[in-house]
Amino acid sequence: MEKILEVENLHVTFTTYGGTVKAVRGVDFHLNEGETLAIVGESGCGKSVTSNAIMRLIPDPPGKITNGTILFKGENLAAFSEKKMRSIRGVDISMIFQDPMTALNPTLTIGTQLMEGLQEHRNVSGKEARKKAIEMMDLVGIPNPEERLKQYPHQFSGGMRQRIVIAIALICEPDLLIADEPTTALDVTIQAQILELFEKIQGTTGVSIILITHDLGVVAKIADRIAVMYAGKIIETGTKREIFYNPQHPYTQGLLNSVPRLDLAEERLTPIDGTPPDLFSPPDACPFAARCPYVMEVCDKVYPAKTELTGSHRVNCWLQDDRAKQLIAVK
Ligand code: SF4
């Protein structure tokens, strides 16, 4: 499978009065064409900063991409000028944000908002843009699209607004769609409909998707592969089956143990005790050490290297690395 995106050694910092926040600390991952990769983790783990870095939407200052490459179809987005990025955003790479109401302009009709990106970037006539807008409304399941193009965002329900945001993101036929918590602001039944819509759209258009979420239920529904982030680093990646049925990092195991399961009659949820490290001065060694039930001496001293468990499953944890025994023996 061809890789559409390869992120290597990405570092993002934010300079504040209190010091420098190391929000993303050497992130590596790739996305294959036509697949959905979910990036999961707690609030503040760096997942949204990573997606904003791909779009080059980190406000500088205070933010800065301090290191790394973001190869999109072989070209390094991190080195692009702002002008070049403007020609890519919304055209080759689109983004969907959490709250559909703030993503839409309340003073413009849905038709205007759908067509403006297309007319600006694709140089199409008003008639062609309208035809495409109707097609997109139809694709995302908005009934009576010709009439509804004339309406304003407040005339749509929350779920319908999110469908419109998705239609706007897809109207220029991007190769990559980044969805940052796209269902968090919606109620559960609408969430399920929107997730089904993502599957349908991917089947129809072949778009590659990065899904940023803290919700493992969303991940279980539509992800092909999963990258788990903690304290600015990716600590485990694998296929959905590998992560759900054979998680190897204690943090991934903790995340899964803290999700309610309907298939178990009696179950106690196990929270992960403690809090993530302060990203003003994160540890050089394993960032999960202070919360990990299996912590060893080496964990507080050296950051665990990547261990390849299968061709698709890798983890950064000393428990999986035979070199831990040698390091412990040497001390
Ligand atoms: Fe726990 Fe050590 Fe693995 Fe970190 S490296 S998750 S502290 S066992």
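Keep in mind the model is a prediction, meaning the values are calculated, not measured. (Residues numbered from 1 in each chain as written. Predicted model: local features only at pLDDT ≥ 70, side-chain atom pairs only at ≥ 80, totals over all residues. Heavy atoms only, no water.)

A word on the environment of A53
- Its place among the elements puts A53 in helix 1 (residues 47-54).
- Residue A53 is classed as buried on the basis of its relative accessible area, which comes to 0%.
- Along the sequence, A53 and G63 sit 10 residues apart, while their C-alpha atoms lie 9.7 Å from each other.
- Non-local contacts of A53, meaning those with residues more than four positions away in its chain, are made with L10, V12, I58, I65 and I70. (Helix = DSSP H or I, 4+ residues; strand = E, 2+ residues; numbered from the N terminus. Buried < 20%, exposed > 50% of the residue type's maximum accessible area, 1.4 Å probe, protein only. Contact = heavy atoms within 4.5 Å.)

Some details on the domain arrangement of the protein
- Each assigned domain of the protein is listed with its residue range as follows: domain 1 (3-92 + 174-273) and domain 2 (100-173).
- For domain 1 versus domain 2, the distance between C-alpha centres works out to 26 Å.
- On the domain 2 side, the residues contacting the 19 residues of domain 1 number 15 residues.
- When domain 1 packs against domain 2, close to 1400 Å² is buried across both sides, 72% of that on carbon and sulfur atoms. (Domains from an automatic or database assignment. Buried area = accessible area lost by both parts, 1.4 Å probe.)

Things to note about the packing of aromatic side chains
- Tallied over the entire structure, the rule returns three aromatic pairs.
- Seen from their ring centres, Y230 and Y251 are 4.6 Å apart, and the 50° between their planes marks the pair as tilted. With Y230 in strand 9 (residues 225-230) and Y251 in helix 11 (residues 250-257), this residue pair connects regions lying 21 residues apart in the sequence. Across the pair, exposure class does not vary: Y230 and Y251 are buried alike.
- Ring geometry for Y230 against F288: centres 5.2 Å apart, planes inclined by 90°, an arrangement best described as edge-to-face. Placement of the pair is Y230 in strand 9 and F288 in the loop between helix 11 and strand 11 (307-308), with a sequence separation of 58 residues.
- Residue classification places Y230 among the buried positions, given a relative accessible area of 1%.
- An aromatic cluster of three or more residues is present, and its members are Y230, Y251 and F288.
- Note that K84 overlies the ring of F80, its terminal NZ or CZ placed 4.3 Å from the centroid.
- The ring of F156 is capped by R148, whose NZ or CZ atom sits 4.1 Å from the centre of that ring. (Phe/Tyr/Trp six-rings, centres within 6.5 Å; stacked < 30°, edge-to-face > 60°. Lys NZ or Arg CZ within 6 Å of the ring centre and 35° of its normal.)

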